[in-house]
Each structure stands twice: as structure tokens, then as C-alpha cells.
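Chain and residue survey
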Amino acid sequence: MSTTTPVGRQRATAGSDPAWSADPYADALHTGRGPLFLRRADGWLLPLDVERWCEEADATDLDVLRRCEGPVLDVGCGPGRMVAALGDRGHRALGIDVSEAAVAHTVGRGGQALLRSVFDPLPGSGRWGTALLMDGNVGIGGDPVALLHRLALLLAPGGLLIAETVPGPDVDERALVQVTDLHGPPGPAFPWARVGTPALLHHARTAHWRTDEEWSTNGRTFAALRPT
């Protein structure tokens, strides 16, 4: 597959979200630890598992990687544990993220990554074997149906999407959130979604995807989908 040269210093494109380049997120990736949260306008806080993201891929992650097919696009790759693990296993893999700190961290681990939004023009469009939405990234953009429509254009015919969902089966929500460490000022507000597996499968049917598999491992839940 032909790709542009991945670099950690590439400027963000117009579709990038400045919230994930805010200091709290960049600082957390730099130190490899939280606390870090997504905060809704009503004050509700969602803890973000920065420590796990910055470590090596764990057994649950590796269980996901065993299901990957062909070249892999990791959407919202964060600090790159999945991209690095895929490379170690001989997969061609590219991470994309709107955080410059995340892209730099991924490149520093030996992975390939671009500073891009999934809604930006991307290399290999229509030829990716697998797309990953780990760590709640099915929430990107705050509209799962729009995200699924976009991913269908990026995957090869019959390609595979693996999405990590919220373990709560009844979760299906949209909100404006901010990244915060509860100490300094939060980043700007941006739209986000949280969906459990039943909600994701409902949105998938709306967006013309079919369910290939659903499973849970160590308290984390996943679904594998293919566009129809």
C-alpha cells in the first residue's frame, strides 16, 4: 500500500481538533500518567486511562490484534501502543491522531503515524484491510453514524472494523466535552459520543454495516463490523 511519509512534526490539517492538542493531554502523554478526564458541561467526569495507553499492548489488546486483517489503520491512535504492537507482528499499520503529542509518541515507539483527523484526506483510502477504534474512539466526532459512513470509504471491500464499546449495554449518548486534568484550564469543548455494543450495532445497521462478531475480554467490550 502506498502511503505518504508519516512524521511527528506535520502540521494539523483543518479537520484536526485542537482539544486533543491542549496542554492537559500533551502533558499526560509526556509523563505517561494522569489524572486526565473528559468533562461534560454538567460537571460529569470520564476518567481517561492514560497509564494503559502509554504502556505496551496488554493481553486484551493482543486479542484484538489477532483479529486484524491486512494493513491496519488505527483511528485515534493516541501514544501508539497498538501501532507499535502491530509492527512488531509484521502488520503494515498507520496511526492517525489529531494530537501532535500522540503522533510524536507513536513515532518515537517506532510506529508510523500522521497528524490527521479521520475526516481529512488520508492515504490508502479504500484499501485498508482493518480499521481500529480503540479506547472509546467510536465517539470521535460525536456522531457514530457519520463516523461509520466515513470508515466505509476508507476500508477495502469486505474490510473489517474493530470498535471498542462502553461496557454498559444501555449507553448511547452525545455531549460536548473538554479534556481536563482538574488543575489547569481545560481544553476547548468538542463533540463526543459514548455507545455500548447494542447502540453501536443499531447505528451500524443504519449506516449499512453488518455484525461480524462481538465479545468481551477482561471487562472491555468490542464489536467487529463489515460494510455491506
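Residues numbered from 1 in each chain as written. Predicted model: local features only at pLDDT ≥ 70, side-chain atom pairs only at ≥ 80, totals over all residues. Heavy atoms only, no water.

Judged by pairing direction, the sheet is antiparallel, and its 4 strands sit side by side in the order β2-β1-β8-β9 without closing on themselves. With partners counted over all chains shown, the strands left at the sheet margins are β2 (45-47) and β9 (190-195), one partner each. Sheet twist, expressed as the average angle between the axes of neighbouring strands with direction ignored, equals 45°. Inspection of the sheet shows strand β1 (residues 37-40) paired to strand β8 (residues 172-180) by 4 bridges, in the antiparallel sense. For Arg40, the partnering residue across the bridge sits in β8 and is Val177. Relative to the sheet, helix α7 (residues 197-206) contacts β8 and β9, its axis offset from that of β9 by approximately 110°. (Pairing = 2+ DSSP bridges. Helix = DSSP H or I, 4+ residues; strand = E, 2+ residues; numbered from the N terminus. Axes fitted to C-alpha atoms, helices over the stretch in contact; angles between N-to-C directions. Contact = heavy atoms within 4.5 Å.)

The subject of this paragraph is the packing of helix α6 (residues 144-154) against α7. Interhelical geometry of α6 versus α7 gives an angle of 55° and a closest axis separation of 9 Å. As far as their axial angle goes, α7 and α6 are oblique. Of the two possible hands of crossing, α6 and α7 adopt the one that is right-handed. The segment α6 lies against α7, with Pro144, Val145 and Leu148 engaging Leu200, His203, Ala204 and Thr206. Looking at the contact of α6 with α7 residue by residue, the class counts come to 5 nonpolar, 2 polar and no charged. (Parallel < 35°, antiparallel > 145°, perpendicular 65-115°, else oblique. Left-handed = near helix turned anticlockwise from the far one by under 90°. Nonpolar A, V, L, I, M, F, W, Y, C, P; charged D, E, K, R; others polar.)

This part covers the layout of surface pockets. Its volume calculated, the largest pocket comes out at about 790 Å³. Met134, Asp135, Gly136, Asn137 and Trp192 are, among the 42 residues lining the largest pocket, the residues nearest its centre. Those elements giving two or more residues to the lining of the largest pocket turn out to be β2, α2 (50-54), β4 (93-97), β7 (155-165) and β9. Broken down by class, the residue content of the lining of the largest pocket amounts to 22 nonpolar, 10 polar and 10 charged. (1 Å grid on protein atoms, 1.4 Å probe; cavity = no way out; pocket = protein on both sides within 12 Å on 5 of 7 lines; lining within 4 Å. Points joined across faces, edges and corners; volume = space filled by probe spheres on them.)

It is worth spelling out the state of the cysteines at this point. All told, the structure shown has 0 disulfides when counted by the stated rule. Cysteine Cys54 shares no disulfide, and the gap to the nearest cysteine sulfur, in Cys77, comes to 12 Å. Free cysteine: Cys68, not disulfide-bonded; nearest cysteine sulfur from Cys77 at 14 Å. (Disulfide = S-S within 2.5 Å.)

Take α7 next. Buried within α7 we find Thr197, Ala199, Leu200, Leu201, His203 and Ala204. At the C-terminal side of α7, His208 shows a positive phi close to 70°. (Buried < 20%, exposed > 50% of the residue type's maximum accessible area, 1.4 Å probe, protein only.)

One finds Leu151, Leu161 and Trp209 to be the most contacted residues of the largest nonpolar core, which totals 45 residues. Top element by residues in this core is α6. It accounts for 5 residues. Once residues within four sequence positions are removed from consideration, Leu151 is found in contact with Val75, Val118, Ala131, Leu133, Leu161 and Trp209. Counting 21 residues, the second largest nonpolar core, distinct from the first, contains Ala57, Val72, Trp215 and Ala224. (Core = buried A, V, L, I, M, F, W, Y, C linked by side-chain atoms within 4.5 Å.)

Read across the open sheet, the 7 strands follow the order β5-β4-β3-β6-β7-β11-β10; overall the sheet is mixed. Edge positions in the sheet fall to β5 (113-115) and β10 (209-217), since each of these pairs with one other strand and no more. Pairwise comparison of adjacent strand axes, ignoring direction, gives a mean angle of 20° for this sheet. Across the face of the sheet, helix α5 (residues 100-108) comes into contact with β4 and β5 while running at roughly 165° to β5.

In short, the description is geometric, and any link to function would need to be established separately.
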